[in-house]
Structure formats: structure tokens, C-alpha cells
Number of protein chains: 2
Amino acid sequence: MAYEALAAAMQDASVTRVDAIYVGNMLSGEISGQAHLGALVADFAGMPGIEAVKVEAACASAAAAFRLGLMGVASGYQNMVAVVGVEKMTDDVGSKLTAGLASAADADYEAVHGVTFPSLNALIMRRYMYEYGVTKEAFAPFSVNAHANGANNPNAMLRNRITVETFMRGGAVADPITLFDASPMADGAAAAIICPAAMAREYSSSPIRVAASAMATDTLSVHDRKDPLWLQAAQDSAQLVYRQARIGPAEIDFFELHDAFTIMAALSLEACGFAERGQGTRLALEGEIALNGKLPICTQGGLKSRGHPVGATGLYQVVEAAQQLRGQAGPNQVASPRWGMTQNIGGSGATIVTHILTNDEG
Amino acid sequence: MAYEALAAAMQDASVTRVDAIYVGNMLSGEISGQAHLGALVADFAGMPGIEAVKVEAACASAAAAFRLGLMGVASGYQNMVAVVGVEKMTDDVGSKLTAGLASAADADYEAVHGVTFPSLNALIMRRYMYEYGVTKEAFAPFSVNAHANGANNPNAMLRNRITVETFMRGGAVADPITLFDASPMADGAAAAIICPAAMAREYSSSPIRVAASAMATDTLSVHDRKDPLWLQAAQDSAQLVYRQARIGPAEIDFFELHDAFTIMAALSLEACGFAERGQGTRLALEGEIALNGKLPICTQGGLKSRGHPVGATGLYQVVEAAQQLRGQAGPNQVASPRWGMTQNIGGSGATIVTHILTNDEG
């Protein structure tokens, strides 16, 4: 899977060789008994010899790898870098996978008590509903929007449209999270090629500029946070990218956010300045997150419909943002976007990586 | 463990905060059910919020993390970086650990047949002995030297001196590898602080300059190599660092090599230009690898005596090289060294990371 995504990205970028490969992946050791993915991907890609390394930051692994790839180029150590996110979750969809995913939480203080990611997110969602007087139905538009966009995406895993009624009929996962709040486990890979801006036009007629990149962390355990309803690392990384790109949330034309659960979509919108605290669902209710809305999100289906192969997701977001900015998003094209933002969340917000991409060559 | 090493490094460097933490680790997810070590270490170090990420390249994870930390600083993205290598192997010394270590090999073509790292190295060692007419006893000096140096290192795991006779009496691990060819499983952590050279004197009276850094890969599987007795990635990365530092092997004053097994020490010496092909053991037999020899190796006991906590080893090597270059290596001090080389090997040579450090501020 990594090779296929990498080969497609290299073909798109008209390159036949790269200086280094950064692999974003979370669970290959735990699920498939295969660590050492850097060397593996370099080998299978027919480039044994080149530098290659795996980067892990739970579900934010791929965006973290993308950021490290940017640094490789910015440092001058490398000129042409490939970043690949890959995850194969279906090698074990039973206890190994659930335990593997829970390893993104604090093993000694959260997972040891049987906490899984659905249950952690359920606790946060329940508190959110109580604290802000928000109903379960208020989260429906996130899921409906994701499925509507995913229906047109040939790379999406779940291409069925759903209604609010479908959403409300979803079976319980971890109350109040039901089936349509939660993104599906998936196999998948995505890749991008990075080079210095000054070189990009030699390789592509439509290069995309990374205008800003930031990573921030928060406490690993949710219970250690002063406010479990606030994604501090989302705010911190968003503030950094706004400053780097010299724009604010009002200039962002679309936002590929990390809707692993609908509650995360709401919290992400709030922390990044798109909605007031406790108002994240309102943006969705008012239709502003649709492709023709003020802030389209999850334009190719998001994690919910396109799928959430954990260590690959951050690169899906980057690739989807690039497609939008190149006008190659097909039926899901947002009208003339200039600035696209991506945000990849690891654990319950302990690592958050945010990028702003643009078709403005600056 | 990571925090203790990090705190000691920060104190040594007189810094109270860093911009980012790079964590080298291989098996925390597999052995301890804890992924997401970047956020964990940042949190436990009292710096939640800062950027942090885990880097994995099997047993070369720590040196890979060190190299990525160098890039972070060289890119200008970060000014003050901490790199921590950590591994806790004793949480499971049974099947999980053996399977975890084997995940550095090719899961589908090597590990699936029951291949472990001792057995892979045994195959290589047996072939080496056959091809070059080298006896088992010829490998003894590597182990004797490591134990002699480790005996004086308070951080070493096995502080007993051994003789050639002890070496020859070692019980079988995987024929021809016996007990004293193989490095011990260990828990451990080591850390280093990196900043731009121009800033270093503000923080330390004895900063060490990283004169060169390189990473190279080879086929993941040993059977895919034209010559299983040649560490191509060691040669490739060594040639790169020699060129960057504008020196050759003759200028290297000591070499912290990756003696996970004695055979790896021999192959590393050959690939890096310190011995002719098939002559790696001769250097050891002639006493040239001792502290007062032409090329001291494993000056604090190496992997064999100091211990091999896989994802931490590469940073032990960097720290030990820094101690030598600062004249702080105690009873194991090499006389007035100027150039120290470190080499960290992942898998059976599929990822090799090589650095040259110097006390010459350039």
C-alpha cells in the first residue's frame, strides 16, 4: 500500500528518485509484527540505500512525518523528500487492534483501566453535551456532511449518503457515541513529495506551497487537563500556523479536520477559532461546513467516510487539500480556494499537527 | 527513565526548556502497550505543549532521532532540541520481546520462518567464518575489550571482566553465536541537547560539534543482498560522513560501533574502512581496539557490556563520544581525541546511521 501511494505521488511530481522517505505509521509493529518500515518502504520502492525512517505520534503520525519531511528539506540535508503515511489495521481487528489503539492513551493511567478511544471520546462528548446543553442530534451534520462528500470520493471507504435519521438510529459504540459518530478502522496509504519552493516548478505545473507548519502537545491523559473540553494543542498549533502564514481563520477556505469522532470535529473548530467555545456544532447545524458553506470541512469524506487508517490519515488530509487547491477535487471541488488548513490529532489531543497549504506561490 | 536522562542532559547543557523533543524508541508499543512516547515524555518532563515525536528505525532508532533533531535545528524550525533514546525491554522478556525484536527483520520473508536476530547473525557469522577461514576464537577480543571497558563504566549493565577462556566457554545462543558474542537485553535511556553551533558557547564550556551525519538503508532481508557479509549501508553512511567532515578513517580517534553481536563489530570495521574485507577480527586480535590502541572501540563497554536497550543505544554512543571528546571518560579516557565516530545499526544492517563528533569548534 505504501509503495502504491508513493509511486503515484512520485509520478504526479515527475520524480524518479528521492533523497529520503519519511514513513508515518502507528501500529505496524503491534498489528503486523513489522517494525522498521522506513527501510521496508525504501526497499520495496526500489530505492534501497536511501535514507528512510518511521515517525510515530499516534493518529497524528502522518502529519508529524510530513512536518519532519519539511524540516529535512528546509535544513538542506535533503532536496527531494517523499512522505508516506500507511496503516494496515485489518491484519487484526480484534483485541490486538483495540489494545494497539489504546496505546495512544496513557498506558499506566488510562488504558490500564480499560479505557479505549471510543470510551475516552464518549466521556468527553457526554461532558460537552452536559456542559453546553447540546443534544446528540446536534452532532449529526458532521456525519451527514462527511458521508455526502465521501460518496463522491473514489478513495473513500464508506460511500453511502446518510440522513439525520440514519445518524440517530446508529447503534451504540460507547454511549453517547453511536455508529455514525465514529470513523471506521481502515487500511490505507497516502503520499506526498516535498522539495524547495524554488525547485517545484521544474517538476510540477501546479505545485502547492506549505505556507505554515506547527506541532504542539498536551498532557497525555485527558484527566490531567484543566479543561477536557478544550484542545489546547489545537489552539497552540493553529495560532502558530496563522502567524506563520500571516492570515487568520477568516481567510481559511476549507479545513480538513480530524473527525475521528464527531465530538473531535466540534472541539477542533472551537480551538482553531472557527466557533466560540461550546458552539462547534452550530457551524455544522447552519450548513457552513458544506462544500458551498463558509468553511467546508472534510471535503473528501473526512475520517468518518473516507476512513481512518490511523498512521496514514494526516497525509490523506494533505493530499486532499492539495487536490482542492489545484482544482482537482472533482464533484467535491470548493470554489476557488486559496488557503487550505489540515489538522491531524494524536490520542485524545495529546499531539496535534496543523498545516496551512496554498496555491499562492508567495 | 527517559525523564531522568533528559533532565541530566538539560542540566549538563544549562537549559531549562527546549523547543522540541525527539524520542528514539523501538518497542514501547509492542512490549509496554504505550505508543505516543513523544507526548508522554514532553508531559512527564513538565513541558506539555512543546513539539515532540517518536522516531523508529529498529535498533537504529536513537541515532535516527538524533539526526532528525539535527535537522530540526539546521532547518531553523527549532533552536534548542532534546533527543532522548529510551527502551524498557524487561516489561516482557519472553515471547513478546523476541517477536518484537524480530519485527526489525522482514516479517513476511524472514520472521515468518522463525528467524530471530541471534539466528540471523549466526547465519552471517557462520558464513563469515567459512568464507574467510576465521575461527570462533578470533571474535573473542571484541567481547574481552567490551567487558574490560564496561567494568569501569558505572552506567554499564555487565561490569565483569572476561578472558578469552570465558568467551570460549560461553553457552550456545544460536551456533556459532555463544553467550559472549551477544549483547544483553536491557532497560535504559540516554539524552543529548542540540542547538546551533553559534549558540553553544552560551550554554556549555565544552560543547561538542556534530561534524557529520548520515543515514543509509539496505535491503530489509539479508537474503536479498548480493553479499550478506558486507554492510553496504555502513559503507554508504561512512563515506558520506568522511566527506562531510573532510577526514578519512585514519583521522578517527575512536569508534563507538554497534557490537550487538561480535560479527557486527567485524563487519562494521570493514565497511567503514578500518580493515580490509575479511580482516575485521584481525584489528581486534592485534589489540588495536583497546583504549590505547590505534582505534579504540566501545570505549564504555559497547552494546556487549554497557547493555543494548535497542531504541536507546544510538544515544548512548553519542553521549559516550561526547564524554571522550570532553576528556570526561574517567578511567576509560582515550588520549586527547579529536574525532569520534558513532555508528548505530538497525536490523541486520537495513538502516545504519553514522555520525562524526569533534571537540574542534571548526
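See above for the structure.
Here we summarise the structure given alongside this text. Quick caveat, the model's predicted, so the values are computed rather than measured.

### What to know about the overall build of chain A
When helices and strands are tallied, chain A shows 14 helices and 10 strands. The C-alpha radius of gyration of chain A comes to 19 Å, within 12% of the 21 Å expected for a compact globule of 362 residues. The principal-axis extents of the C-alpha atoms in chain A amount to approximately 55 × 45 × 40 Å. By sequence separation, contacts in chain A at least 24 residues apart represent 76% of the contacts at least 6 residues apart.

### Observations regarding the relation of the copies chain A and chain B
For the pair chain A and chain B, the best superposition has an RMSD of 0.0 Å and corresponds to a rotation of 180° with a translation of 0.0 Å parallel to the axis. Expressed as an axis order, the relation between the two copies is that of a two-fold axis. Proximity to the rotation axis, assessed at the C-alpha, singles out Ser75(A) in chain A; its C-alpha lies 1.8 Å from the axis. Interface residue correspondence from chain A to chain B reaches 100%, placing this contact among same-surface, isologous pairings.

### Observations concerning the interface of chain A and chain B
Quite often, the size of an interface is put as the accessible area lost when its parts meet. Contact residues are listed per partner, giving 57 residues for chain A and 57 residues for chain B. Between chain A and chain B, the buried area comes to about 4,000 Å², and carbon and sulfur atoms account for 57% of it. Looking at the side of chain A facing chain B, the largest losses of area belong to His36(A), Glu56(A) and Tyr77(A), adding up to 17% of the total buried there. There are 2 salt bridges connecting chain A and chain B. Glu51(A) serves as the salt-bridge partner of Arg67(B), at 2.4 Å between the closest nitrogen and oxygen.

### As for the side chain of Ser268(A)
All names here are of chain A. Looking at the secondary structure, you find Ser 268 in helix 11 (residues 262-271). Polar side-chain contacts of Ser 268 include one of 2.6 Å to the side chain of Gln 343. The contacts of Ser 268, once residues within four sequence positions are left out, are Leu 231, Phe 255, Leu 257 and Gln 343.

### Description of the sheet that holds strand 6 (residues 187-194) of chain A
With mixed pairing, the 8 strands of this open sheet are ordered in space as 6(A)-3(A)-1(A)-2(A)-2(B)-1(B)-3(B)-6(B). Edge positions in the sheet fall to strand 6 of chain A together with strand 6 (187-194) of chain B, since each has one partner strand and no second. Put simply, the sheet's adjacent strands are angled 25° from each other on average, direction ignored. The pairing of strand 3 (residues 81-88) of chain A with strand 6 of chain A spans 8 bridges and is antiparallel. Looking at strand 6 of chain A, one finds that Val83(A) is bridged to Ala192(A). Packed onto the sheet, helix 14 (residues 313-326) of chain A meets strand 3 and strand 6 of chain A and runs at close to 55° relative to strand 6 of chain A.

### Concerning helix 7 (residues 140-150) of chain A
Residues and elements named next belong to chain A. Counting buried positions over the 11 residues of helix 7 gives 9, a clear majority of the element. By the burial criterion, the buried members of helix 7 are Ala 140, Pro 141, Phe 142, Ser 143, Asn 145, Ala 146, His 147, Asn 149 and Gly 150. Tucked into the core, helix 7 has its buried residues touching helix 8 (164-169), helix 11, helix 12 (280-285) and helix 13 (302-306).

### Side note on the pairing of strand 3 of chain A
Residues and elements named next belong to chain A. Counting buried positions along strand 3 yields 7 of 8 residues, so the element is predominantly enclosed. The pairing of strand 1 (residues 20-24) with strand 3 spans 5 bridges and is parallel. Of the residues in strand 3, the one forming a bridge with Ile 21 is Ala 82.

### Side note on the pattern of salt bridges
Residue and element names in this part refer to chain A. Tallied over the full model, the rule gives 24 salt bridges over all chains. The salt bridge partner of Glu 320 is Arg 306, with a shortest N-O separation of 2.7 Å. On the criterion of sequence distance, the pair formed by Glu 320 in helix 14 and Arg 306 in helix 13 is long-range, its members being 14 residues apart. Classification of Glu 320 as buried rests on a relative accessible area of 3%.

### Focus: a nonpolar patch on the surface
Residues Tyr3(A), Phe44(A) and Tyr109(B) make up a contiguous nonpolar surface patch of about 360 Å² in total accessible area. Residue placement: Phe44(A) occurs in helix 3 (residues 37-44).

### Observations concerning unusual backbone geometry
Omega for the bond connecting Asp175(A) with Pro176(A) falls within 30 degrees of zero, at 10°, which places this linkage in the cis form. Position of Pro176(A) relative to the elements: it lies in the loop between strand 4 (172-174) and strand 5 (177-178).

### A look at the sheet that holds strand 10 (residues 351-358) of chain B
Residues and elements named next belong to chain B. Here 4 strands make up an open sheet; going across it, the order is 7-10-9-8 and the pairing mixed. Edge positions in the sheet fall to strand 7 (209-217) and strand 8 (254-256), since each of these pairs with one other strand and no more. In this sheet, adjacent strand axes meet at a mean angle of 15° when their direction is disregarded. Here 8 bridges tie strand 9 (residues 339-346) to strand 10, and the two strands are oriented antiparallel to one another.

### Some details on the packing of helix 6 (residues 117-132) of chain B against helix 11 (residues 262-271) of chain B
Residue and element names in this part refer to chain B. Between helix 6 and helix 11, whose axes approach to 9 Å, the crossing angle comes to 60°. Between helix 6 and helix 11, the crossing angle belongs to the class labelled oblique. You can see that helix 6 and helix 11 cross each other, and the crossing is left-handed. Contacts from Asn 121, Ile 124, Met 125 and Tyr 128 in helix 6 reach Thr 262, Ile 263, Met 264, Ala 266, Leu 267 and Glu 270 in helix 11. For the contact of helix 6 with helix 11, the class distribution of residues is 7 nonpolar, 2 polar and 1 charged.

### Notes on empty space enclosed by the protein
Left-over empty space is what a probe sized like a water molecule reveals as it rolls over the atoms. Taken as a whole, this structure holds 2 cavities of 30 Å³ or more when the rule is applied. The computed volume of the largest cavity comes to approximately 90 Å³. Forming the boundary of the largest cavity are 14 residues, of which Glu30(A), Lys54(A), Met26(B), Glu30(B) and Lys54(B) lie nearest the centre. When residues of the lining of the largest cavity are traced back to their parent elements, those giving at least two are helix 2 (28-32) and strand 2 (51-56) of chain A together with helix 2 (28-32) and strand 2 (51-56) of chain B. The biggest single contributor to the lining of the largest cavity is helix 2 of chain B, with 3 residues. Class assignment of the residues belonging to the lining of the largest cavity gives a composition of 4 nonpolar, 4 polar and 6 charged. Within this model, the second largest cavity holds a volume of roughly 30 Å³.

### Structural notes on the environment of Ala321(A)
Looking at where Ala321(A) falls in the secondary structure, it is placed in helix 14. Along the primary structure Ala321(A) and Leu357(A) are separated by 36 residues, whereas in three dimensions their C-alpha atoms are 7.2 Å apart.

### Considerations on helix 3 (residues 37-44) of chain B
Residue and element names in this part refer to chain B. For helix 3, the buried fraction is high: 7 of the 8 residues fall into the buried class. The complete set of buried residues in helix 3 reads Leu 37, Gly 38, Ala 39, Leu 40, Val 41, Ala 42 and Asp 43. The positive-phi residue at the C-terminal boundary of helix 3 is Gly 46, with phi of around 75°.

### Re the side chain of Gln78(B)
Topologically, Gln78(B) is positioned in the loop between helix 4 (61-74) and strand 3 (81-88). Within polar-contact distance, the side chain of Gln78(B) engages the side chain of Tyr22(B) at 2.8 Å. When sequence neighbours within four positions are dropped, the list of residues in contact with Gln78(B) reads Arg67(A), Met71(A), Asp19(B), Ala20(B), Tyr22(B), Glu51(B), Gly72(B) and Val73(B).

What counts as what
Residues numbered from 1 in each chain as written. Chains lettered and ligands numbered in written order. Predicted model: local features only at pLDDT ≥ 70, side-chain atom pairs only at ≥ 80, totals over all residues. Heavy atoms only, no water. Helix = DSSP H or I, 4+ residues; strand = E, 2+ residues; numbered from the N terminus. Rg over C-alpha atoms; globule rule 2.2 N^0.38 Å. Contact = heavy atoms within 4.5 Å. Least-squares fit on C-alpha atoms with pLDDT ≥ 70 in both. Buried area = accessible area lost by both parts, 1.4 Å probe. Salt bridge = Lys/Arg side-chain N within 4 Å of Asp/Glu carboxyl O. Polar contact = N/O pair within 3.5 Å; in protein donor to acceptor, adjacent residues only side chain to side chain. Pairing = 2+ DSSP bridges. Axes fitted to C-alpha atoms, helices over the stretch in contact; angles between N-to-C directions. Buried < 20%, exposed > 50% of the residue type's maximum accessible area, 1.4 Å probe, protein only. Patch = residues over 30% accessible without salt bridge, like charges linked within 9 Å, V, L, I, M, F, W, Y side chains within 5 Å. Areas by Shrake-Rupley, 256 points an atom, 1.4 Å probe, with all protein chains shown as cover. Parallel < 35°, antiparallel > 145°, perpendicular 65-115°, else oblique. Left-handed = near helix turned anticlockwise from the far one by under 90°. Nonpolar A, V, L, I, M, F, W, Y, C, P; charged D, E, K, R; others polar. 1 Å grid on protein atoms, 1.4 Å probe; cavity = no way out; pocket = protein on both sides within 12 Å on 5 of 7 lines; lining within 4 Å. Points joined across faces, edges and corners; volume = space filled by probe spheres on them.

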